[in-house]
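Geometric and topological summary
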Amino acid sequence: MCKQIAKRVLLGVAGLSLAVAGFTQAAQVTEISGAGATFPYPVYAKWAEAYAAKTGVKMNYQSIGSGGGIKQIKAKTVDFGASDAPLKPAELDKAGLMQFPMVMGGVVPVVNVPGVQPGNLKLSGAVLAEIFLGEIKQWDDPRIGTLNPGVKLPHSAITVVHRADGSGTTWIFTNYLSKVSRGWSSKVGNNKSVAWPVGVGGKGNEGVASYVGRIKGAIGYVEYAYALQNHMSYAQLRNQAGQFVSPTSATFQAAAANADWGHAPGFYMVLTDQPGEQSWPITGATFILVYKTQAKPATGAAVLNFFDWAYHNGDGMAQQLDYVPMPASVVSLVEKTWSKEIHDADKHAVWSVNMAAR
Amino acid sequence: MSLVSTTEHTRLLLRRGLRIDGLFHGLSAAAAVLVLLVVFGVLAALLLGALPALQRFGFGFLISDAWNPVTDDFGALVAVFGTLVTSAIALCIAVPISFGIALFITQLAPAWLKQPVATAVELLAAIPSIIYGMWGLFVFAPRFAGHVQPWITDHLGQWPLLGPLFQGPPMGIGMFTAGLILAIMVIPFIAAVMRDVFDIVPAVLKESAYGLGATTWEVVWQVVLPYTRSAVIGGVMLGLGRALGETMAVTFVIGNAQRLDASLFMPGSTIASTLANEFTEATGELHTASLIALGLILFLITFVVLALARLMLLRLASRQGTVG
């Protein structure tokens, strides 16, 4: 009897000390690291700065490109990876990773057509694809003309400008073209870099922007934030519902809100060509990759705490930088998935809403 | 007694000196071997990384003009073609100009002007390549597209044979612009080598020629140049080596299209620009391997060119001994 009590006390003490050890370990994580996509870098950096000021936890993010981010998280050199293009559920399972959308942006066709007012040009997905396939060669082509009654289009050659570097922007753009044009999906397809049938390549958003600005009759595509900050002349697009929409925060959120996230295994969701009257058709989310089984649960929890904080406190900062925050419904779905799927080696969840450091 | 100890002491000193000498010898040999190891290590790493692409495409990799990350079909032809053509354009422009610069500095310029001109040319080599790229894109390309290119296309574009080289919409960027920027970048290298070797031509030879009534042109063409021919070619090769591997400036102005085009005014790509553009976002194994294979090809081309350059410069050095 006495022995048993002693045993229990001993066990209790051991358990307590383990818990204390675990707690101090969690408290010790002062730095988390990530690598990947360049597109969300400005907002991640801003969040990191504000989060460090509030909690003292530093977030170190290397914007080396989505491809590099995927490679680094697979090599386990960083705590999380970031990618502009979602990984397929099969690839996630193979690597033991989980992904979730963090923030949204859109891709905007930008044009330099002499005589056409900024924002006045209207295009449909099919026509956009035919332009990028090199099948429509002149601005006064009747296929463009019928979409733009009353707009006087010049008789000048179209110069297509695309990204020269592999890029998440290209992935989203070619994903849209593949969805709306059978010609595009069979001849070119969807990837971070593709075999462009025509055109010149600029490096980065700024490369595309400067070529479009320089070459008369040029059409290219850039990130929404970039187009906005540089006051570029964009084109309206006809969405799935047949409405012409302009790229704005509201039309991106409409696209995200209409998407069926609940039925997207592994959050594999591409927001291009979504239904809804107000949906901008070339919207995309950028994703975070973490391991489902966390070898260092304290670090895993610190990473999720950071993103939880960003979901709930970062919207204003994101909007300032012209990113579009995720809708609240998607956020709660993501956080439910965290507490369900991310665990340590003993299958204990590493994160729950109660421990959030908001 | 004291004599013996002195000999003993000397022997000790000698032995210690020999030991230090041996150590020094070993260290410097190790440093030299390290460089060799690094070179072969790089080669081995490139070969290993490129293996998947080489296994999949074999020799066809060299002659295929495909570059399609979607279907995983890759070939090196477009990039190799772009690399060789832009470098060739660069040399066509840079060699005559460098020759003129070297000639002026060594043979014609008054003494007070020699150093300023030489320094100015060398300063060109100190400008970072990205500055050349930005200048090419923001300053040169728009002016070239606006004023020069339409005229060339209108006048030369209709010529038989040469015409197709100068067709296409005036964009200001493309293979020709890349070649021109490269020319400016390699001029200081070629000019510096030419100047150095023109300077080592023995005065006796030149003065004898002048004494026989030769003009400056005849002295240069018939005495200086034949004497330094292999070194001049070596200098050109050094410039070529730099032009082949230049990355940033070319990426800015070449237009980065993976297509073969006869016109020099159309966009293309080089090995280095393709690597700079695509390496960060290449996720597929074959895509990455193909990029590394491109790197391997560039390594081999540059290696051969630089080896030839060394050889030519060496030949001059040995000849200098016999004549001088």
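Scoring rules and cut-offs
- Residues numbered from 1 in each chain as written.
- Chains lettered and ligands numbered in written order.
- Predicted model: local features only at pLDDT ≥ 70, side-chain atom pairs only at ≥ 80, totals over all residues.
- Heavy atoms only, no water.
- Helix = DSSP H or I, 4+ residues; strand = E, 2+ residues; numbered from the N terminus.
- Rg over C-alpha atoms; globule rule 2.2 N^0.38 Å.
- Buried < 20%, exposed > 50% of the residue type's maximum accessible area, 1.4 Å probe, protein only.
- Contact = heavy atoms within 4.5 Å.
- Domains from an automatic or database assignment.
- Buried area = accessible area lost by both parts, 1.4 Å probe.
- Salt bridge = Lys/Arg side-chain N within 4 Å of Asp/Glu carboxyl O.
- Polar contact = N/O pair within 3.5 Å; in protein donor to acceptor, adjacent residues only side chain to side chain.
- Axes fitted to C-alpha atoms, helices over the stretch in contact; angles between N-to-C directions.
- Parallel < 35°, antiparallel > 145°, perpendicular 65-115°, else oblique.
- Left-handed = near helix turned anticlockwise from the far one by under 90°.
- Nonpolar A, V, L, I, M, F, W, Y, C, P; charged D, E, K, R; others polar.
- Pairing = 2+ DSSP bridges.
- pLDDT = per-residue confidence, 0-100.
- Phe/Tyr/Trp six-rings, centres within 6.5 Å; stacked < 30°, edge-to-face > 60°.
- Expected span 1.5 Å × (residues − 1).
- Bend = angle between axes of the 7 residues up to and from the residue.

Focus: the overall build of chain B
Scanning chain B for helices and strands turns up 11 helices and 2 strands. The N-to-C order of helical and strand elements in chain B reads α-α-β-β-α-α-α-α-α-α-α-α-α. The C-alpha atoms of chain B give 26 Å as radius of gyration, which overshoots the globular expectation for 324 residues (20 Å, by more than 25%). Counting only C-alpha atoms and orienting by the principal axes, one finds that chain B spans roughly 95 × 65 × 35 Å. Classification of the 324 residues of chain B by burial places 43% in the buried group. The long-range fraction of contacts in chain B, counting pairs at least 24 apart against all pairs at least 6 apart in sequence, stands at 75%.

Some words on the domain arrangement of chain A
Residue and element names in this part refer to chain A. Domain annotation for chain A reports domain 1 (2-105 + 284-355) and domain 2 (106-259). Relative to domain 2, the C-alpha centre of domain 1 lies at a distance of 35 Å. Counting residues at the interface gives 15 residues for domain 1, matched by 15 residues for domain 2. Between domain 1 and domain 2 lies a buried interface of about 1200 Å² when both sides are counted; carbon and sulfur atoms form 66% of it. Where domain 1 meets domain 2, there are 0 salt bridges. Where domain 1 meets domain 2, there are 2 residue pairs in polar contact (both at pLDDT 80 or more). Mapped by element, the contributors of at least two residues to the side of domain 1 that touches domain 2 are α3 (66-74), β4 (97-112) and β13 (324-325). By residue number, the principal contributor to the side of domain 1 that touches domain 2 is α3, which donates 3 residues.

Some points on the packing of helix α6 (residues 175-199) of chain B against helix α8 (residues 216-245) of chain B
All names here are of chain B. The N-to-C vectors of α6 and α8 enclose an angle of 150°; their axes lie 8 Å apart at closest approach. When the axis of α6 is compared with that of α8, the two are roughly antiparallel. Classified by chirality, the crossing of α8 by α6 is right-handed. Here α6 contributes L182, M185, V186, F189, I190, V193, M194, V197 and F198 to the contact with α8, which in turn contributes V224, L225, T228, A231, V232, G235, V236, L238, G239, R242 and A243.

Examining the packing of helix α3 (residues 77-108) of chain B against α8 of chain B
All names here are of chain B. Contact geometry of α3 with α8 gives a least axis separation of 9 Å together with a crossing angle of 140°. If you check the angle between α3 and α8, you find them oblique. Here α3 runs over α8; the crossing is right-handed. Along the contact surface, α3 presents T83, L84, S87, L91, V95, F99, L103, Q107 and L108, while α8 presents T216, V220, W221, V224, L225, V236, L240, A243 and L244. Counted by class, the contact of α3 with α8 contains 14 nonpolar, 4 polar and no charged residues.

Details of the environment of P160 of chain B
Within the secondary structure, P160 of chain B is located in the loop between α5 (129-156) and α6. The exposure class assigned to P160 of chain B is exposed, which follows from its relative accessible area of 71%.

Observations regarding the sheet that holds strand β10 (residues 244-245) of chain A
One key point about sheets: their strands pair by backbone hydrogen bonds, in either a parallel or an antiparallel sense. Residue and element names in this part refer to chain A. Read across the open sheet, the 3 strands follow the order β5-β9-β10; overall the sheet is mixed. Lying at the two open borders of the sheet, with one neighbouring strand each, are β5 (122-123) and β10. As judged from the 2 bridges shared by β5 and strand β9 (residues 236-238), these two strands associate in the parallel manner. Bridging across to β9, K122 finds its partner in Q236.

Quick word on the domain arrangement of chain B
Residues and elements named next belong to chain B. For chain B, the assigned domains read domain 1 (1-57) and domain 2 (61-319). Between domain 1 and domain 2, the C-alpha centre-to-centre distance is 38 Å. Regarding the contact of domain 1 and domain 2, the summed buried area is about 1100 Å², with carbon and sulfur atoms giving 83% of it. On inspection of domain 1 and its partner domain 2, the count reaches 0 salt bridges. At the junction of domain 1 with domain 2, the criterion picks out 0 residue pairs in polar contact (both at pLDDT 80 or more). Along the lines of polarity and charge, the residues of the side of domain 1 that touches domain 2 split into 10 nonpolar, 1 polar and 1 charged.

Looking at the confidence of the model for chain A
Residues and elements named next belong to chain A. Of all residues in chain A, 91% attain a pLDDT of 70 or more, and the chain-wide mean is 86. Per-residue pLDDT, averaged within each element of chain A, yields its smallest value for helix α1 (residues 2-28) (49) and its largest for helix α5 (residues 125-133) (95). A low-confidence stretch, residues 10-26 (pLDDT under 50), is modelled with 2 contacts involving residues beyond four sequence positions or located in other chains.

Description of the interface of chain B and chain A
The partner chain A presents 32 residues to the 28 residues of chain B that form the contact. When chain B packs against chain A, close to 2100 Å² is buried across both sides, 52% of that on carbon and sulfur atoms. For the chain B face of the interface with chain A, the top three residues by lost area are V70, R259 and E281 of chain B, together amounting to 27%. Our count for the contact surface shared by chain B and chain A stands at 0 salt bridges. Put simply, the parts of the chain that give the side of chain B that touches chain A at least two residues each are β1 (67-68), α5, α9 (248-253), α10 (271-278) and α11 (285-323) of chain B. The element that contributes the greatest number of residues to the side of chain B that touches chain A is α9 of chain B, accounting for 4 residues. Residue classes in the side of chain B that touches chain A are distributed as 16 nonpolar, 9 polar and 3 charged.

Side note on the packing of aromatic side chains
A complete count under the given rule lists 36 aromatic pairs over all chains for this structure. Measuring from ring centre to ring centre gives 6.3 Å for W261 of chain A and F267 of chain A, while their planes differ by 50°; the resulting arrangement is tilted. Across the pair, exposure class does not vary: W261 of chain A and F267 of chain A are buried alike. An angle of 75° between the planes, with centres 6.4 Å apart, marks the rings of F99 of chain B and W221 of chain B as edge-to-face. Taken together, the residues span a long stretch of sequence, with F99 of chain B in helix α3 and W221 of chain B in helix α8 at a distance of 122 residues.

Some details on α8 of chain B
Taking 1.5 Å per residue as the helical rise, α8 of chain B with its 30 residues ought to reach 44 Å, whereas the 37 Å between its terminal C-alpha atoms falls clearly short. Its maximal kink placed at R229 of chain B, α8 of chain B deviates by approximately 70°.

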